[in-house]
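# Observations on chain architecture
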Amino acid sequence: IGTPPNAYTHWNALLSEAVGASYSYWNLGIGYGRGQDAATDGAWLFKAKQMDAVVVAYGSNDIGRGRTTEEMKADLTRIVTVLKEAGVKVFLVSVPPFNWQDAQFTRWVEINEFLTRELSRQADGFFDIAPLLTDPNQPGMALYGKHPDEEGCRIWADAMEKPFRTFLAGNARG
């Protein structure tokens, strides 16, 4: 979504390519993934608990479906807690812009503040993508489309590569 079909130009594909073949990379978040669903500790979280490290990048679909800030905080906290208890290293990503307005904009701001100020302290790594993809003249509005286009995905992957490499190097389980 946001990039051409079969182009492998989405941020997670580009990041996978950048970190190289020393790591296995599996994107479990495709298909309208929501933190609300992952927090149930069902199939997604079961699969994620089998990994050495997991990128948790939830929130857009939860905001879009009307989850409250408190519900999203609880969901994301549960996801991080369950993964950490299973011995998985967690890299947390803020919620990107999605042309948020009104109540959705307020929830987006609140959840990103929570991720940045609080939940990131429980994670092993954190990356704030929101400032790079948000129109500085229109807070909450996406510069590169709601689902970032190729340019937005390239910016995301390039900016996240160094902190993600640092996370991987410092958190490899053996």
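Attention here is on the structure that accompanies the text. (Residues numbered from 1 in each chain as written. Predicted model: local features only at pLDDT ≥ 70, side-chain atom pairs only at ≥ 80, totals over all residues. Heavy atoms only, no water.)

Here we have three strands laid out as an open sheet, ordered 1-2-3, and parallel in their pairing. Each end of this open sheet is capped by a strand with a single partner; those strands are strand 1 (53-56) and strand 3 (125-127). Strand-to-strand twist of the sheet, defined as the mean angle between neighbouring strand axes without regard to direction, takes the value 15°. Taken together, the three bridges between strand 2 (residues 89-93) and strand 3 define a ladder with parallel strand orientation. (Pairing = 2+ DSSP bridges. Helix = DSSP H or I, 4+ residues; strand = E, 2+ residues; numbered from the N terminus. Axes fitted to C-alpha atoms, helices over the stretch in contact; angles between N-to-C directions.)

Now for the pattern of salt bridges. Counting across every chain of the model gives eight salt bridges. Close ionic contact of glutamate 70 with lysine 73 constitutes a salt bridge, the shortest N to O distance being 3.4 Å. Highlighted residues: glutamate 70 and lysine 73, both in helix 5 (residues 69-85), separated by three residues, approximately one helical turn. Lysine 84 is the partner of aspartate 124 in a salt bridge, and the nearest nitrogen-oxygen pair spans 2.8 Å. (Salt bridge = Lys/Arg side-chain N within 4 Å of Asp/Glu carboxyl O.)

Right, let's get into unusual backbone geometry. One non-glycine residue, asparagine 99, lies in positive phi territory at about 60°. Relative to the elements of secondary structure, asparagine 99 occurs in the loop between strand 2 and helix 6 (102-117). Classification of asparagine 99 as partly exposed rests on a relative accessible area of 28%. (Buried < 20%, exposed > 50% of the residue type's maximum accessible area, 1.4 Å probe, protein only.)

Following both chains from N to C, one finds helix 5 and helix 6 inclined at 35°, their axes separated by 10 Å at the closest point. Crossing of helix 5 over helix 6 shows right-handed handedness. Across the interface between the two elements, Thr69, Met72, Lys73, Leu76 and Thr77 from helix 5 touch Arg107, Glu110, Ile111, Phe114 and Leu115 from helix 6. In terms of residue class, the contact of helix 5 with helix 6 is made up of five nonpolar, two polar and three charged. (Left-handed = near helix turned anticlockwise from the far one by under 90°. Contact = heavy atoms within 4.5 Å. Nonpolar A, V, L, I, M, F, W, Y, C, P; charged D, E, K, R; others polar.)

In this section: the nonpolar core. Counting 28 residues, the largest nonpolar core has Trp44, Val56, Leu76, Ile79 and Leu83 as its most contacted members. Listing elements by their share of this core, those giving two or more residues are helix 3 (43-48), strand 1, helix 5, strand 2 and helix 6. At six residues, the largest contribution of residues to this core is made by helix 5. (Core = buried A, V, L, I, M, F, W, Y, C linked by side-chain atoms within 4.5 Å.)

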